Amino acid sequence: MVDPQSTRLAEPLQDSDRFSARRVGRYFLVELKSPHNVLSTSGHRGGEQQEIDFLVNHQSCEARGDTERSARIAGMGPDRYHSEVCAELGIDPDRTALMGTAASMACVAHRSVEFGDLRADAFVSAGVKGNATTAGDPARWVETDEGWARASPHEGTINIILVLSFPLSPPARARAVVTMTEAKSAALADLAVPSLYSTSIATGTGTDQFCLAHPRDGNRKPKESTSPHVKAGEVIGVAVREAVKEALRWQNGLEASYTRSFFHALGRFGLTEEFLMDSLRDLLSDREFALLADNVNAVFYEPGVGAAAHALATVLDRVRCGTLPEAAVGGPLRQQAACLACSVASRPQDWGALYASLQQKGDAPLELVPHAVALGWKAKWA
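I will try to describe carefully the structure that is included in this document. Fair warning: this is a prediction, and the values are worked out from it, not measured in the lab.

Grouped together as the largest cluster of nonpolar side chains are 40 residues, with contacts concentrated most on Phe 262, Leu 266, Leu 280, Phe 300 and Leu 340. Counting residues per element, this core draws most heavily on helix H10 (residues 303-320), which supplies 8 residues. Setting aside residues up to four positions removed in sequence, Leu 340 forms contacts with Phe 262, Val 305, Ala 308, Leu 312, Val 369, Ala 372 and Val 373.

So this is what it looks like as C-alpha cells:
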C-alpha cells in the first residue's frame, strides 16, 4: 500500500504552473494543475474527458513469470483494477486516467521540446522484448460478446503520457494521437526493433496505451493542426520519439550502438546466434570454431559486419514487400553476403573471390549467411 501522502512528498521530476510529474515507487503520476482536455486509453474514464486531474502509469506486475499477479489483475476487470490503484495512491478514481504495464517506473524517460510558446512533455515507459508487433501481424486474441479468447500475460508495453502547453481543436487532438503514434513507430524503426510475430520491423506492442492532455484556455486560440508539417506536430514528434528511445535504452538495453549487432539485424529472419553457431560448427574446423566462439562479440558487433547484416535484412524486407522479385534476388543476396564475408575477414580486396565462392552455396539466406561467415573467418586467418 502506498501512503497517499507520498504522492505529495515525492520529489517532482517536472513541476510548473500547469502540471507536476512524480515517481512514487511502482507509480508514475502527473497531476494537472489547471483544466485540461484529456484523451486516453484508460479502461475507466477513458476516451475524451474534461474532468481529469491525474494521469497515472502503474507497474502492475513483472514482465516474465508473474502469472499469478497477471491473472488476478485480469480477473478484476478494468474498473476494479482502476479503483484499487487509485486507492493506493489516495486519488479520486473518477478524476484519473490510468495505464498499466510490466515496465519499471524507474526507467520512465522524459523529453520536453519547445518552439516559441509551444511545448510538449513526453513521459514514456517502454518494453518490447516479449510483445513487439507490427500493424497487420497475425493476432493472438479475439474479443467476443462473452469476453476475450486466449488471453495471456503481456511482456511488453509502450505507455506514453503527453502533456501539451497549448490548446487543440478536436481535429488537432485526433491528429496529435496520429503524430504521437507515428513518432513511437519511428523510434522503433530507428532501433530496428523486430516484430515477434512476423519478419517485419515492429510498429508498437499489442498493449500500448497513452494519455494526451492539453489545456482548456478560452483566452488562446486552439491549434488547428498537429501534423508533422507544422511546429505543433514537430514538438510532439521529437518529444515522443526521443522519450521512447530513451525508455527502451533503460528498460531493454536497446541503445543505437547495440542494434548494429549481426543478430539484431537478422534474428527476425531466423538467423539467431544459436542457429548460426550450430551451423558454423559444421562449416569450420574445431580450432577455427573454438577461436570464433571465444570472440563472438568482437566479430558480430564489428561495424562492417553490422552494416552488411542490415543490408541483407533490407534486401529480404524488399522481397517480402514485393519491391524485388523473389525469383531474381539470388544475385543481390550473394553480393551482400560477399560484403559480409569481406567484413568478417577484414579483407575487402577479396570481395570477388568470396563472391565467386558463394555462387555455389545457393540462395536461401539460412544457408548462404553461415557460409559467408565461415568463408570470411577462414580467409581472415588463412
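What follows continues from the structure just given.
A few words on the environment of Ala 106. The topology assignment puts Ala 106 in the loop between strand E7 (96-101) and strand E8 (109-115). Residue Ala 106 is classed as exposed on the basis of its relative accessible area, which comes to 59%. Once the C-alpha coordinates of Ala 106 and Gly 204 are considered, the two residues, 98 residues apart in sequence, prove to be 21 Å apart.

Bringing the pattern of salt bridges into the picture now. Counting across every chain of the model gives 24 salt bridges. Of the charged contacts in the structure, one is a salt bridge between Arg 80 and Glu 84, with a shortest N-O distance of 3.5 Å. Linking Arg 80 with Glu 84, this pair stays in helix H3 (residues 78-89), spanning 4 residues, or about one helical turn. Exposure remark for Arg 80: the relative accessible area of 47% places this residue in the partly exposed category. The residue Arg 320 makes a salt bridge to Asp 317 at a minimum N-O spacing of 3.1 Å. Of this pair, Arg 320 and Asp 317 both sit in helix H10, separated by 3 residues, roughly a single helical turn. A relative accessible area of 39% places Arg 320 in the partly exposed class. Through salt bridges with shared partners, one network takes in Arg 111, Glu 242, Glu 246, Arg 249 and Glu 255.

The buried fraction of strand E3 (residues 27-32) amounts to 6 of the 6 residues, a majority that puts the element mostly inside the structure. Of the two faces of E3, the one lined by Tyr 27, Leu 29 and Glu 31 and the one lined by Phe 28, Val 30 and Leu 32 are each fully buried. Judged from the 6 bridges that link them, strand E2 (residues 19-24) and E3 form a sheet pairing that is antiparallel. Across the sheet, residue Ala 21 finds its bridge partner in E3, namely Val 30.

What follows deals with the state of the cysteines. All told, the structure shown has 0 disulfides when counted by the stated rule. Not engaged in a disulfide, the cysteine Cys 61 finds its nearest cysteine sulfur in Cys 107; these two sulfurs lie 15 Å apart. Exposure remark for Cys 61: the relative accessible area of 11% places this residue in the buried category.

With respect to topology, 5 strands assemble into an open sheet ordered E1-E2-E3-E6-E7, the strand pairing being mixed. Each of the sheet's edge strands pairs with one partner strand only, and the pair in question is strand E1 (12-15) and E7. Sheet twist, expressed as the mean angle between neighbouring strand axes with direction ignored, is 10 degrees. Looking at chain direction, strand E6 (residues 54-59) and E7 are connected through 6 bridges and run parallel. The partner of Val 56 across the bridge, within E7, is Leu 98. Contacting E3, E6 and E7, H3 crosses the sheet at an angle of about 105 degrees to E7.

This next bit is on the packing of aromatic side chains. Evaluated as defined, the whole model comprises 7 aromatic pairs. Ring centres of Tyr 258 and Tyr 301 lie 6.0 Å apart, and the angle between their planes is 50 degrees; this geometry places the pair in the tilted category. Remark: Tyr 301 occurs in the loop between helix H9 (296-300) and H10 and Tyr 258 occurs in the loop between helix H5 (231-252) and helix H6 (262-266); sequence separation between them is 43 residues. Among the residues examined, Tyr 258 registers a relative accessible area of 32% and is labelled partly exposed. Measuring from ring centre to ring centre gives 5.1 Å for Phe 262 and Phe 300, while their planes differ by 50 degrees; the resulting arrangement is tilted. With Phe 262 in helix H6 and Phe 300 in helix H9, this pair connects stretches of sequence that are 38 residues apart. On the accessibility criterion, Phe 262 (0% relative accessible area) is buried. Given the relative accessible area of 0%, Phe 300 is considered buried.

Rules behind the numbers
- Residues numbered from 1 in each chain as written.
- Predicted model: local features only at pLDDT ≥ 70, side-chain atom pairs only at ≥ 80, totals over all residues.
- Heavy atoms only, no water.
- Core = buried A, V, L, I, M, F, W, Y, C linked by side-chain atoms within 4.5 Å.
- Buried < 20%, exposed > 50% of the residue type's maximum accessible area, 1.4 Å probe, protein only.
- Helix = DSSP H or I, 4+ residues; strand = E, 2+ residues; numbered from the N terminus.
- Contact = heavy atoms within 4.5 Å.
- Salt bridge = Lys/Arg side-chain N within 4 Å of Asp/Glu carboxyl O.
- Pairing = 2+ DSSP bridges.
- Disulfide = S-S within 2.5 Å.
- Axes fitted to C-alpha atoms, helices over the stretch in contact; angles between N-to-C directions.
- Phe/Tyr/Trp six-rings, centres within 6.5 Å; stacked < 30°, edge-to-face > 60°.

Geometric descriptors of this kind do not, in isolation, establish any biological role.
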